[in-house]
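Take a look at the letters that make up each chain.
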Amino acid sequence: MREKTAIVGGGAAGFFVAANLKEMMPGMEVAIFERSQRVLAKVEVSGGGRCNCTNTFADVRDLQAVYPRGHRLLKRLFNVFDQRDAYAWFERHGVPLVVQDDECVFPEAQDAHAIIDCFLSLARRHRVQLYMGHKVQSLSQLADYDHVVVTTGGSPRGEGLRWLADMGHDIVQPVPSLFTFNIADPRLTSLMGLVVDHVSAHIPGIKYKSTGPLLITHWGMSGPAILKLSSHAARQLSEADYRLPLSINWVQLSEAEVQAAVCEAAVREPQKLFSTFCPLSLPSRLWTYLLEKALGDRARARWGELNKKDVNRLVNVLTNDTYQLAGRSAFKEEFVTCGGVSLSSVNPSTLESRHVPHLYFAGEVLDIDGITGGFNFQAAWTTAYTVATAIVGAERQRP
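Since the model is a prediction, treat every value here as computed from it, not as a measurement.

> Even after reading the chapter, I still don't get the overall build of the chain, so can you show me in this structure?
Looking only at helices and strands, the chain has 13 helices and 17 strands in total. In terms of overall dimensions, the chain has C-alpha extents of about 90 × 40 × 35 Å along its principal axes. For the chain, buried positions account for 53% of its 399 residues. For the chain, the share of sequence-separated contacts (at least 6 apart) that also reach a separation of at least 24 residues comes to 76%. With an accessible surface of roughly 18,000 Å², the chain has 49% of that area assigned to carbon and sulfur atoms. Charged side chains in the chain number 41 positive and 41 negative. The centres of these two groups are separated by 3 Å.

Right, dumping it as structure tokens:
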């Protein structure tokens, strides 16, 4: 009798499981059950339609910095299949890749369809069965299969995980991750489109500080620094209904360093107006905005008129500029969720359920998520490969 595996979810992790299962064990029958009428829809829109499929990890010193949840498990699983393996896998399957200056990896074609076409071609070649518009809510629907793999992705409202909870799995309540911040400050949002290359952002009371470029938008703030912060603070932000204070260090310098730069400007350029000379590397429009915020009417004074109160106020607004969040906005089409099937409910070596034999999990349905930059797709490839290897190993050990 031929072995049969059902994959619940037609996303990236599901197709990666299917492709590797068929390559490792060609005789296995594999079927993918997708609740919608489209497969790989998230891949199609990811990375602005280009699909940031992994990252070189060259700048990563600690996995927790890029995986707020699941870093310990991934550190273990990367010993079996990591970013270098993923890079080689795609190139071996006819998808040449390129590395950007920021270490993000994309298809050379700069088109997500290069990844999609690869998966669909492999599915056809290996005769993987696709069942569209097929919602699975119970394992009884898949009683004919020897193994079941759940790769349904994130479930923002949690309903899609209820059937798994009913089988005894612990579910970590899903909440959004990777989003931008709404800030109801017309003076700030009038700077929409402005990019500040090097800022530090944090939420008071939360240890994590995010660094990188920041983009001012017509609704508030976006850019890598904000997206990373939203990921690391996803649960605290959700619990506070996205109404927490936000602190920005616009120059990534200490108070002492900024104070020294400000005082030196008063000595070097006493006749210049504050507004016409910025002693730090800031866009002119932002400098004008911060000057007015810090000094009010005195923003029109000259550097030679700088007094102690001016110094203190400038240092504070440059290194600890505070805003009140007024909600969140989706970041393009990333829609990543924090939460899912608790890692305590799976075997860390195989990702098999601790409650139901021959049931496995891969991808975002697990309580694993990363920051933007290709890290979420890498988690999908790693967990999917782990599951495929585990199923093949289990079959080969059967009498």
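> Can you walk me through the sheet that holds strand β15 (residues 328-330) in this structure?
What holds strands together in a sheet is hydrogen bonding between their backbones, with the strands either parallel or antiparallel. Ordered by their spatial adjacency, seven strands build an open sheet running β14-β13-β10-β11-β12-β9-β15, and the pairing between neighbours is antiparallel. Strands with a single pairing partner mark the edges of an open sheet, and in this sheet they are β14 (321-324) and β15. This sheet shows a mean twist of 40° between the axes of neighbouring strands, independent of strand direction. Of the strand pairs in this sheet, strand β11 (residues 209-216) and strand β12 (residues 220-222) are connected by two bridges, and their pairing is antiparallel. Its bridge partner being in β12, I216 is matched across the sheet by M221. Together, β10 (195-202) and β14 form the strand contacts of helix α11 (residues 284-295), whose direction differs from that of β14 by roughly 85°. This element, helix α12 (residues 308-319), spans β13 (245-249) and β14 of the sheet and lies at about 105° to β13.

> Please explain the nonpolar core as it appears in this structure.
Grouped burial of nonpolar side chains is what soluble globular proteins tend to show. In this structure, Y67, W89, F90, F119, F361 and W381 are the most contacted members of the largest nonpolar core, which totals 78 residues. Other than its neighbours up to four places away in sequence, Y67 contacts F57, L74, F78, D369, G370, F375, Q378 and A379. Counting 52 residues, the second-largest nonpolar core is a separate cluster that includes L194, W250, V262 and A265.

> Help me out: how do you make sense of the environment of S138 in this one?
Position of S138 among the secondary structure elements: in the loop between β6 (129-132) and β7 (147-150). For S138, a relative accessible area of 28% gives the class partly exposed. Residues S138 and A260, spaced 122 residues apart in sequence, show a C-alpha to C-alpha distance of 65 Å. Engagement of the side chain of S138 in a polar contact is seen with the side chain of S140, the distance being 2.8 Å.

> Explain helix α1 (residues 12-24) here, please?
Within an α-helix, residues lying three or four positions from one another point in the same direction, as the helix has 3.6 residues per turn. Between the first and last C-alpha of α1 there are 18 Å, a value that for 13 residues agrees with the 18 Å anticipated at 1.5 Å per step. With respect to burial, α1 is a largely interior element, 11 of its 13 residues being buried. When α1 is considered as a whole, its buried residues turn out to be A12, A13, G14, F15, F16, V17, A18, A19, N20, L21 and K22.

> Explain unusual backbone geometry to me, please; I cannot follow it from the model alone.
One non-glycine residue, Q252, lies in the positive phi region at around 55°. Following the sequence through the fold, Q252 ends up in the loop between β13 and α10 (255-268). Exposure remark for Q252: the relative accessible area of 35% places this residue in the partly exposed category. The backbone of L351 sits at a positive phi, close to 65°, despite the residue not being glycine.

Rules of the game
- Residues numbered from 1 in each chain as written.
- Predicted model: local features only at pLDDT ≥ 70, side-chain atom pairs only at ≥ 80, totals over all residues.
- Heavy atoms only, no water.
- Helix = DSSP H or I, 4+ residues; strand = E, 2+ residues; numbered from the N terminus.
- Buried < 20%, exposed > 50% of the residue type's maximum accessible area, 1.4 Å probe, protein only.
- Contact = heavy atoms within 4.5 Å.
- Areas by Shrake-Rupley, 256 points an atom, 1.4 Å probe, with all protein chains shown as cover.
- Lys, Arg positive; Asp, Glu negative; His and termini not counted.
- Charge placed at Lys NZ, Arg CZ, Asp CG, Glu CD.
- Pairing = 2+ DSSP bridges.
- Axes fitted to C-alpha atoms, helices over the stretch in contact; angles between N-to-C directions.
- Core = buried A, V, L, I, M, F, W, Y, C linked by side-chain atoms within 4.5 Å.
- Polar contact = N/O pair within 3.5 Å; in protein donor to acceptor, adjacent residues only side chain to side chain.
- Expected span 1.5 Å × (residues − 1).

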